[in-house]
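What follows is each chain in one-letter form.
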Amino acid sequence: MKTLRAVKVGDTVRVVKLHGEGAVKRRIMDMGLTKGVEVHVRKVAPLGDPIEVTVRGYELSLRKADAEMIEVE
């Protein structure tokens, strides 16, 4: 299982599954990260948190903990 946290800068991946429950999963889905959507990793902060991605045409910053819940291929 590969998560969004493990993706290298410059790579584009597709979301396979969202882990987590309740409000956390709902918040991730509200940000546009749903099954099947393509995500491009733009930048990673020097200490690895946050991760900046492009999803559905806009830039989004995610915490490492949130990126760990997003399974990609």
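The shown structure was predicted, so the numbers you read here are calculated from the model rather than taken from an experiment.

Trainee: So what exactly am I meant to see when it comes to the side chain of Thr3 here?
Mentor: Examined against the element boundaries, Thr3 turns out to sit in strand β1 (residues 2-3). Given the relative accessible area of 5%, Thr3 is considered buried. With residues up to four places along the chain from it excluded, the contact list for Thr3 reads Ala67, Glu68, Ile70, Glu71 and Val72.

Trainee: Help me understand the side chain of Glu71, please; the structure alone is not making it clear to me.
Mentor: Residue placement: Glu71 occurs in strand β6 (residues 70-72). An unpaired buried charge is present at Glu71: no salt bridge exists, and Lys17, the closest side chain of opposite charge, is 5.5 Å distant. Excluding its chain neighbours within four sequence positions, the residues that come into contact with Glu71 are Met1, Lys2, Thr3, Arg14, Val15, Val16, Lys17 and His19.

Trainee: So what exactly am I meant to see when it comes to the nonpolar core here?
Mentor: Counting residues in hydrophobic clusters, the biggest one holds 19 residues, and the most contacted among them are Leu4, Leu33, Val39, Val53, Leu62 and Ile70. Mapped by element, the contributors of at least two residues to this core are β2 (12-18), β3 (38-44), β4 (51-55), β5 (58-62) and β6.

Trainee: Would you explain the pairing of β4 in this entry?
Mentor: The two faces of a sheet get side chains in turn, since along a regular strand they alternate between them. Within β4, four of the five residues are buried, which leaves the element mostly enclosed by the surrounding structure. Pairing of β3 with β4 involves five bridges; the strand directions are antiparallel. Considered in β4, the bridge of Lys43 is made with Glu52. Counting the residues between successive antiparallel strands, the hairpin from β3 to β4 contains six residues, one of them, Gly48, with a positive phi of roughly 90°. Relative to β5, β4 runs antiparallel, the two sharing five bridges. Bridging from a neighbouring strand, Val53 pairs with Leu60 of β5. Remark: two residues form the turn of the hairpin made by β4 and β5, two consecutive strands paired antiparallel; Arg56 in that turn has positive phi of roughly 55°.

Trainee: Any chance you could explain the pattern of salt bridges here in plain terms?
Mentor: As a working rule, side chains carrying opposite charge can pair if their charged atoms are close by. Across all of its chains, the model carries seven salt bridges by this definition. Arg14 serves as the salt-bridge partner of Glu38, at 2.9 Å between the closest nitrogen and oxygen. In this pair, Glu38 is assigned in strand β3 and Arg14 in strand β2, connecting sequence segments 24 residues apart. Taking the relative accessible area as the measure of exposure, Glu38 reaches 44% and is therefore partly exposed. Residue classification places Arg14 among the partly exposed positions, given a relative accessible area of 36%. Connected via shared salt-bridge partners are Arg27, Arg63 and Asp66.

Conventions we followed
Positions within a chain are numbered from 1, following the residues in the order the chain's sequence is written. Where local features are concerned, this predicted model is filtered to residues with pLDDT of at least 70; where side-chain atom pairs are given and counted, the filter is 80 or more; whole-chain, interface and lining totals use all residues. To get the side-chain values, all heavy atoms of the structure are used, and hydrogens and water are removed first. A run of H or I in DSSP counts as a helix once it spans at least four residues, and a run of E counts as a strand once it spans at least two, with each numbered from the N terminus. Any residue under 20% of the maximum accessible area for its type is buried, any over 50% is exposed, and the rest in between are partly exposed; the area is computed with a 1.4 Å probe on protein chains only. By definition in these notes, contact holds between two residues if any of their heavy atoms fall within 4.5 Å. Asp and Glu count as negative and Lys and Arg as positive, but His and the ends of the chain are not part of the count. Salt bridge, as used here: a side-chain nitrogen of Lys or Arg that lies within 4 Å of a carboxyl oxygen of Asp or Glu. Side-chain atoms within 4.5 Å link the members of a nonpolar core, which is a set of buried Ala, Val, Leu, Ile, Met, Phe, Trp, Tyr and Cys residues. Strand pairing is defined by DSSP finding a minimum of two bridges between the two strands.

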